[in-house]
Amino acid sequence: MSIATKTSVSPTFEIDSDDIGWITFDDPERSLNVLAEPVMRRFAEMLDDARAAGREGQVKVVVIRSGKPGSFIVGADVDEIAAIEDPSEAEQKIQLGQAILNDVETLPVPTVAAIHGTCLGGGVEVALACTHRLLSDAKKTKIGLPEVTLGILPTWGGTTRLPRLVGLQAALDLLLTGKQIDARKARRIGFAAEVYPEHIFQEMVGDFVQNAPERPRAGSQRKVNLVARLLDGTALGRKLVLRTARKRVLSSTGGHYPAPLRILDILDKHQTGPLEQSLTAEASLAAELVVSAVSKNLVHVFHMREAARRGTSATSGDSAPRTVTNLGVLGAGIMGGGIAQLAAYNDVRVYMKDIRHDAVTGGLQHARQLFDKAVKRRKLSTRGARQCMEIVTGGLEYHGLSAAELVVEAVVERMDVKRAVLRETEQNVDAACLLATNTSSLSVDEMADALKRPERFCGMHFFNPVHRMPLVEVIRGSATDAVSIATVYAFALKLGKIPVVVGDGPGFLVNRILGPYLNEAGFLLGDGASVGQIDAQAKQFGMPMGPLRLIDEVGIDVSAHAGAALREGLGDRLTPSPALVALGETERLGRKGGRGFYLYDQKGREREIDESVYADLGASVPKERHKLRDRDIRTRLVVQMINEAARALDQGIVRTAAEVDLAMIMGTGFPPFRGGLLRFADSLHPKGVLDRTRELETKHGARFEPADLLVELATSDRTFYEAFGT
Ligand SMILES: NC(=O)c1ccc[n+]([C@@H]2O[C@H](COP(=O)([O-])OP(=O)(O)OC[C@H]3O[C@@H](n4cnc5c(N)ncnc54)[C@H](O)[C@@H]3O)[C@@H](O)[C@H]2O)c1
């Protein structure tokens, strides 16, 4: 094991005049408390002091708290995890952490975790080792075990202690998803002994610790109904819960993610046995996971997201973003209504302008429905939803836009209409107001041409549905200035989105890469593959849905239109496949019309593949289906994406390989366990990709012509990340 020499001054241990011992985490070198190795070593020392003081009767209780405003402890150091290459080194490190938290558990006096703000991963595990957990009711107080999203499992006792405290079902809900819960929920499941109002939190903690009970209160505040008691409290019930959870994990992950399965293994074998055996299993299974390719890829995704949050090279410089507190939205349709709702949800005042009264009413209604859903899902209180709705207004007049610092245009996808609307808007807003277009396929520069202040204009491309899709492409026009990019970028972050800055070009980034992939699915149909086989193979690779199902989702008409625009912009390699052209000429619209490649019920739920679709695919598609080799299908689909991404990168649409990867994961659900499209390509090396691309070119023609960049990288023996790392 490597012994780091660096020491930390956090946490500290003090005893006050009431004989309360305070262990305070407040790392002066970081804005958040992270349980890095030097901090853990220091923690162990402070616990030794606390133990000695407890034995000598100098302290009656030990409180673990944070000195950071609004955050407790956010977990282990992800960089340390990423650096581990050897499972035995991992296991030793894990055991060290486990031993320290065992020290917390075995202190001779009661222990209290006083949690105000974010408490994640290792922070939760520290709290679980305490006798009591007290939470503030602040919005910022969140409890979560995100390890599974990094391909590992909570291994400082989290997998072991959480189910023992809150019951199997509530524990699985956190362990298998990595989701975060608020203080109310934490009390409901029995994690928190008490939840106190934020403004008197310190005083209430002070009161509690004066007479802190020796042991946790029996059953704490946990409310358990009979069924839950049977499921959590009997061997048979637990088996059933675990079996159901395993099935669910396998069906939602396709078995690509081992960590949730290992968590289930541990609970299956050790939940009711001795603590030590369960901890040993945690350590040995996590040690294997930490060094796995899946975990390394998921940590890479974590780093890309963090980098996007901090702002990338594309937004750096001395151009500070302007704050947007008033937003204008042009067009109250599907996208406009969605953008307005999202803005209001994030405390931004919105005015939606349309040319039709009924559209404005529809847009407002759309927003209201989404708020109602958030209330139902307990994401928002009824009062919160009402307050959000109060800041969304709409109308036909421009004067509603007078206070806007940013106006996002989401009117019909026609260049002449967009140019006219933007020009008119520019004349009716403050001179400093920024304009952005939500176009999915039209040129930002061509729109900018119609404006007097093209420097204050860019693209802000949301994906549908707005409230759910995490990506926003921020499109830099050739005249766009740095402040506009920085402002729109910061605004996207404020809305909880992951922005990626891209250049102006056909399909921008994500739709451009998706285009040849979807089109290849059409060629596969032409070669006799079935809808079921094509979609199953894409899912087998890890895509959340197959390409044909995706075409249904987007709309067959919209896809055909987008495909034609891409061909116009990018040339003949994007010539639509005859099968998709033929389909575009039929009445089928996809999910919105009830039938496409699949049939849908009245609520839009997928029923089954529509076997009659083959008759609508034209003469290029053979009468009889025949099975193609599964691997060939996956290769054709994925190579098309990599080849197009190489072109986009070469043309400067984005600057780094990581931006391609983040955009594809956030915009299309490209499988995170693969780390991203180009990271996957690098795992085969550009040489390997080039060989396959050339084979496909020989067999299927020019649409597989390798991108210049692919050839260049293969020849110079560099990977995408080596050539486009930063
Ligand atoms: N729907 C999607 O999946 C999606 C995804 C990303 C981007 N986009 C883009 O977003 C934009 C809007 O798409 P949508 O699906 O919301 O369309 P939509 O048809 O649902 O809504 C367009 C709205 O714009 C209004 N409108 C038309 N002319 C106007 C004008 N001169 N001034 C103000 N309002 C006007 C219409 O009345 C309508 O309410 C398009 O550019 C589209 O390409 C759509």
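Refer to the structure presented above.
Quantities reported herein were computed from a predicted structural model and do not represent experimental measurements.

J.: Help me out: how do you make sense of the overall build of the chain in this one?
T.: A count of helical and extended segments in the chain gives 29 helices and 20 strands. The globule rule puts the C-alpha radius of gyration for 726 residues at 27 Å, and the 28 Å found for the chain is close to it. Across its three principal axes, the chain shows a C-alpha extent of roughly 85 × 60 × 55 Å. Expressed as a percentage of contacts within the chain between residues at least 6 apart in sequence, the contacts between residues at least 24 apart total 74%. If you sum the accessible surface of the chain, you get close to 31,500 Å²; carbon and sulfur atoms cover 51% of it. Counting 90 positive and 91 negative side-chain charges, the chain places the averaged centre of each group 6 Å from the other.

J.: What should I look at first to understand the sheet that holds strand 17 (residues 471-476) in this one?
T.: Whenever strands of a sheet pair, they do so through backbone hydrogen bonds, lying parallel or antiparallel. Read from one edge to the other, the open sheet built from eight strands follows the order 13-12-11-14-15-16-17-18, with strand pairing classed as mixed. The open sheet has two edge strands, strand 13 (392-395) and strand 18 (498-503), and neither has a second partner. Averaged over all pairs of adjacent strands, the angle between strand axes in this sheet comes to 25 degrees, irrespective of strand direction. With six bridges connecting them, strand 17 and strand 18 associate as parallel partners.

J.: Which parts of the structure should I look at to understand the pairing of strand 17?
T.: Consecutive residues of a regular strand have side chains that alternate between opposite faces of the sheet. With respect to burial, strand 17 is a largely interior element, five of its six residues being buried. Pairing of strand 16 (residues 457-462) with strand 17, which is carried by four bridges, proceeds in the antiparallel orientation. Of the residues in strand 17, the one forming a bridge with Gly 459 is Ile 475. For the handedness criterion, the β-α-β arrangement of strand 17, helix 19 (residues 482-494) and strand 18 is classed as right-handed.

J.: What am I meant to see in the packing of helix 5 (residues 158-166) against helix 6 (residues 168-175) here?
T.: How two helices pack is summed up by the angle between their axes together with the distance between the axes. At a minimum axis separation of 7 Å, helix 5 and helix 6 run at an interaxial angle of 140 degrees. Taken together, the axes of helix 5 and helix 6 lie oblique to each other. Classified by chirality, the crossing of helix 6 by helix 5 is right-handed. For the pair helix 5 and helix 6, the contacting residues are Gly 158, Thr 159, Leu 162, Pro 163 and Val 166 in the first and Leu 168, Ala 170, Ala 171, Leu 174 and Leu 175 in the second. Of the residues contributing to the contact of helix 5 with helix 6, the split by class is eight nonpolar, two polar and no charged.

J.: Would you take a moment to explain the pattern of salt bridges for this structure?
T.: By the definition in use, this model includes 35 salt bridges. In this structure, Asp 610 and Arg 588 form a salt bridge, with 2.7 Å as the shortest nitrogen-oxygen distance. You can see Asp 610 sitting in the loop between strand 20 (606-609) and helix 25 (630-650) and its partner Arg 588 sitting in the loop between helix 24 (578-584) and strand 19 (598-600), a full 22 residues away along the chain. What makes Asp 610 buried here is its relative accessible area of 6%. Between Arg 595 and Asp 610 there is a salt bridge; the shortest N-O distance is 3.4 Å. With Arg 595 in the loop between helix 24 and strand 19 and Asp 610 in the loop between strand 20 and helix 25, this residue pair connects regions lying 15 residues apart in the sequence. A network of salt bridges, in which partner residues are shared, links Glu 520, Asp 527, Arg 636 and Arg 703.

J.: Sorry, what's going on with helix 22 (residues 547-554) here?
T.: An α-helical turn contains 3.6 residues, so a residue and the one three or four places further along point in the same direction. The buried fraction of helix 22 is high, at six of eight residues. Those residues of helix 22 lying buried are Pro 547, Leu 548, Arg 549, Leu 550, Ile 551 and Asp 552. A positive phi of about 110 degrees marks Gly 555, the residue just after helix 22.

J.: Please explain unusual backbone geometry as it appears in this structure.
T.: For residues besides glycine, phi is generally negative; the peptide bonds are generally trans as well. Note that the residue after Ser 10, namely Pro 11, is joined by a cis bond; omega there is 5 degrees. When you line up the elements, Pro 11 lands in the segment before strand 1 (12-15). Of the consecutive residues Asn 464 and Pro 465, the connecting peptide bond is found in the cis state with omega at -5 degrees. Along the chain, Pro 465 falls in the loop between strand 16 and strand 17. Phi is positive for Asp 347, close to 65 degrees, though the residue is something other than glycine. Locating Asp 347 in the fold gives a position in the loop between helix 14 (334-345) and strand 12 (349-353). On the basis of relative accessible area, Asp 347 is assigned to the exposed category, the value being 60%. Here the phi dihedral of His 685 falls at roughly 70 degrees; this positive angle occurs in a residue that is not glycine.

J.: Could you clarify how one ought to interpret empty space enclosed by the protein in this entry?
T.: As enumerated under the stated definition, the model contains three cavities of 30 Å³ or more in all. There is about 40 Å³ of room inside the second largest cavity. Considering the residues around the second largest cavity, the lining is formed by Glu 426, Val 429, Cys 433, Leu 435, Leu 451, Arg 453, Arg 456 and Phe 457. Looking at the lining of the second largest cavity residue by residue, the class counts come to five nonpolar, no polar and three charged.

J.: Would you mind going over the environment of Thr 635 with me for this structure?
T.: If you trace the backbone, Thr 635 turns up in helix 25. A relative accessible area of 18% places Thr 635 in the buried class. The spatial distance from the C-alpha of Thr 635 to the C-alpha of Leu 696 is 9.1 Å, given a sequence separation of 61 residues. Setting aside residues up to four positions removed in sequence, Thr 635 forms contacts with Arg 692 and Leu 696. A polar side-chain atom of Thr 635 sits 2.8 Å from the main-chain carbonyl oxygen of Arg 631.

So, how was this worked out
- Residues numbered from 1 in each chain as written.
- Predicted model: local features only at pLDDT ≥ 70, side-chain atom pairs only at ≥ 80, totals over all residues.
- Heavy atoms only, no water.
- Helix = DSSP H or I, 4+ residues; strand = E, 2+ residues; numbered from the N terminus.
- Rg over C-alpha atoms; globule rule 2.2 N^0.38 Å.
- Contact = heavy atoms within 4.5 Å.
- Areas by Shrake-Rupley, 256 points an atom, 1.4 Å probe, with all protein chains shown as cover.
- Lys, Arg positive; Asp, Glu negative; His and termini not counted.
- Charge placed at Lys NZ, Arg CZ, Asp CG, Glu CD.
- Pairing = 2+ DSSP bridges.
- Axes fitted to C-alpha atoms, helices over the stretch in contact; angles between N-to-C directions.
- Buried < 20%, exposed > 50% of the residue type's maximum accessible area, 1.4 Å probe, protein only.
- Right-handed = clockwise from strand over helix to strand, strands pointing away.
- Parallel < 35°, antiparallel > 145°, perpendicular 65-115°, else oblique.
- Left-handed = near helix turned anticlockwise from the far one by under 90°.
- Nonpolar A, V, L, I, M, F, W, Y, C, P; charged D, E, K, R; others polar.
- Salt bridge = Lys/Arg side-chain N within 4 Å of Asp/Glu carboxyl O.
- 1 Å grid on protein atoms, 1.4 Å probe; cavity = no way out; pocket = protein on both sides within 12 Å on 5 of 7 lines; lining within 4 Å.
- Points joined across faces, edges and corners; volume = space filled by probe spheres on them.
- Polar contact = N/O pair within 3.5 Å; in protein donor to acceptor, adjacent residues only side chain to side chain.

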